[in-house]
Amino acid sequence: MDATALWQRYQDWLYHHEGLGLFLDVSRVRFDDSFVAQMQPKFEQAFQAMAELEAGSIANPDEDRMVGHYWLRDPDLAPTAELKHDITSTLEKIHTFAQKVHRGDIHPPDAPKFTDILSVGIGGSALGPQFVAEALGAIDAPMAIHFIDNTDPAGIDRVLAQLNDRLATTLVIITSKSGGTPETRNGMVEVKHAYERQGLNFAQHAVAVTGIGSRFEKLAQTEGWLDIFPMHDWVGGRTSEMSAVGLLPAALQGIDIDAMLAGAKDMDAATRVPKINGNPAAMLALCWYFIGNGKGEKDMVMLPYKDSLLLFSRYLQQLVMESLGKEKDLDGNTVYQGIAVYGNKGSTDQHAYVQQLREGVPNFFVTFIEVLHDRNGESVEVEPGATSGDFLSGLLQGTRQALYDNQRDSITVTIPSVTPRTVGALIALYERAVGFYASLVNINAYHQPGVEAGKKAAAGVLDLQRQLVTTLDKAGQPLSLTELAERMGATDKLETLYLVVRHLHANQRGVSVSGDFSRPASLTIAPR
Ligand SMILES: O=P(O)(O)OC[C@H]1O[C@](O)(CO)[C@@H](O)[C@@H]1O
């Protein structure tokens, strides 16, 4: 396409949201008019399905529940007065709680104010709060936030060591919709121990964000935690940033959560428009379908050219991959759907993997996120007539052009600056695009059956470990791996037993091993 035709295409497809100051450019994705016409009927169905979802239909048939994250930013849309009340009262409760914590009305037992937040959660109960903290957390925020989002003992120790002197003034938020996620439970138990070691009362520092009636809710009630915030069953983990999951930590950090909600609400309204060109989420879904042939054949590389948006790709990894990565479609056909997402930030990644993007295997498309406002305050010229921000902008444009020249498609989302309002809008934009794309490829975006298999297998390994230690204790003599497996009736699990023994040995726990780990048959295992 020559420069004149490309410029025309740029203008024909340029989306601009005046209120948000957001632009979307899809001109560097090579679909043509006939493709758009061919997709029209599928989009009509997608718009219809989305309208039904917003009206409260059972959009997640497997789990028999409604999907209501759009109501969080526009409670008037909630299908019943009761749901509307749940949303508005939770928001009010968050505001009041944050104000009281900031004023010191709610304070730790032995100090006038809480200084820090320790958030314990994983997946949708961590990624949104982490992204928002990185994007919007101020250096002089009223409270600094820290995260435990794994069951890695060394990782937990690192966070607790950083907080050591301030544990007495740290507010702990335990977030789990199900209230039964092992990593989060472990994090909570470890944090509780840390408080007890310092002679502190954990309950008087703890807040739960959890599903109504969950195990965590009951525990928090029994132990008398500071407060409990509800997660409603119609909000999925990966779309929960605008529920108490995201809003509570954001409000405590002094982030304007009403502006986040307003930005998302405006974007929701813009993506409710039932047409392709003119609806930014539909435009994204159209591009994803075109580029990946409706089968996710190409990966989505997210490149925000702004350090504070570093975690957007990680946040989107869950939103996109947990929603779209499905074996079966809604009719039960095996489809193996999904779109892989990765990326960090520009221009940094240009010095890491952009070489491959420009010249290597063409199995991706890039989404550039451009931020127009460079910084608050004046910029020095780093060379005559150019600032650091000019370089950042030039590098984005240059990479976009270099990729296009080599047949690599890209999308560019432009926002005026990184604010609560634009961050809310970005989240809403991608939530809706994922919803549309799921309709286009006929899958359920709102369940995650695949995650269960790994959880069940992990539980099986831990059961085997307990059985192993009991068997060894009973035997009272060293056993080879094979003898151990025979006594346990687990001769089909020799490899798992070997891996468990190796891990226990590395941590001096429960077993004493002699022999050579590189020759499993040489090992003898005794109780410690
Ligand atoms: O909030 P919960 O119930 O602890 O779940 C955490 C995450 O685990 C998952 O269920 C996957 O295992 C995610 O969908 C969810 O965001």
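Residues numbered from 1 in each chain as written. Predicted model: local features only at pLDDT ≥ 70, side-chain atom pairs only at ≥ 80, totals over all residues. Heavy atoms only, no water.

Could you give me a rundown of the overall build of the protein, with the residues and numbers involved?
Check the secondary structure of the protein and you find 17 helices and 16 strands. With the C-alpha coordinates of the protein rotated into their principal frame, the extents come out at 85 × 60 × 55 Å. Counting the 528 residues in the protein, one finds 51% classified as buried. For the protein, long-range pairs separated by at least 24 residues make up 71% of all intrachain contacts whose partners lie at least 6 apart in sequence. Accessible surface for the protein amounts to roughly 23,600 Å². Of this, 50% is attributable to carbon and sulfur atoms. Within the protein, the 64 negative side-chain charges are centred at a point lying 4 Å from the centre of the 46 positive side-chain charges. (Helix = DSSP H or I, 4+ residues; strand = E, 2+ residues; numbered from the N terminus. Buried < 20%, exposed > 50% of the residue type's maximum accessible area, 1.4 Å probe, protein only. Contact = heavy atoms within 4.5 Å. Areas by Shrake-Rupley, 256 points an atom, 1.4 Å probe, with all protein chains shown as cover. Lys, Arg positive; Asp, Glu negative; His and termini not counted. Charge placed at Lys NZ, Arg CZ, Asp CG, Glu CD.)

I'd like a description of the UniProt feature "active site" (unreviewed entry) in the protein, backed by residues and values.
Summarizing the sequence annotation, UniProt attributes the feature "active site" (unreviewed entry) to Glu322, His351 and Lys455 in the numbering used throughout. A maximum C-alpha distance of 37.0 Å among these annotated residues, which run over 134 residues, shows that they spread across the structure rather than meeting at one spot. Beyond its immediate sequence surroundings of up to four residues, Glu322 is in contact with Arg238, Gln317, His447, Gln448 and Val451. Polar side-chain contacts of Glu322 include one of 2.8 Å to the side chain of Arg238. With respect to the secondary-structure elements, His351 resides in the loop between strand 9 (341-342) and helix 12 (354-359). (UniProt positions renumbered as here; feature names shortened; annotations may be inferred. Polar contact = N/O pair within 3.5 Å; in protein donor to acceptor, adjacent residues only side chain to side chain.)

Hey, could you go over the sheet that holds strand 8 (residues 299-304) for me, with residue numbers and the actual values?
Reading across from one edge, 1-2-13-10-8-9 is the order of the six strands in this open sheet, with mixed pairing throughout. Unpaired on one side and paired on the other, strand 1 (15-17) and strand 9 mark the two borders of the sheet. Note that strand 2 (residues 22-25) and strand 13 (residues 410-415) share three bridges and pair antiparallel. Of the residues in strand 13, the one forming a bridge with Leu24 is Val413. (Pairing = 2+ DSSP bridges.)

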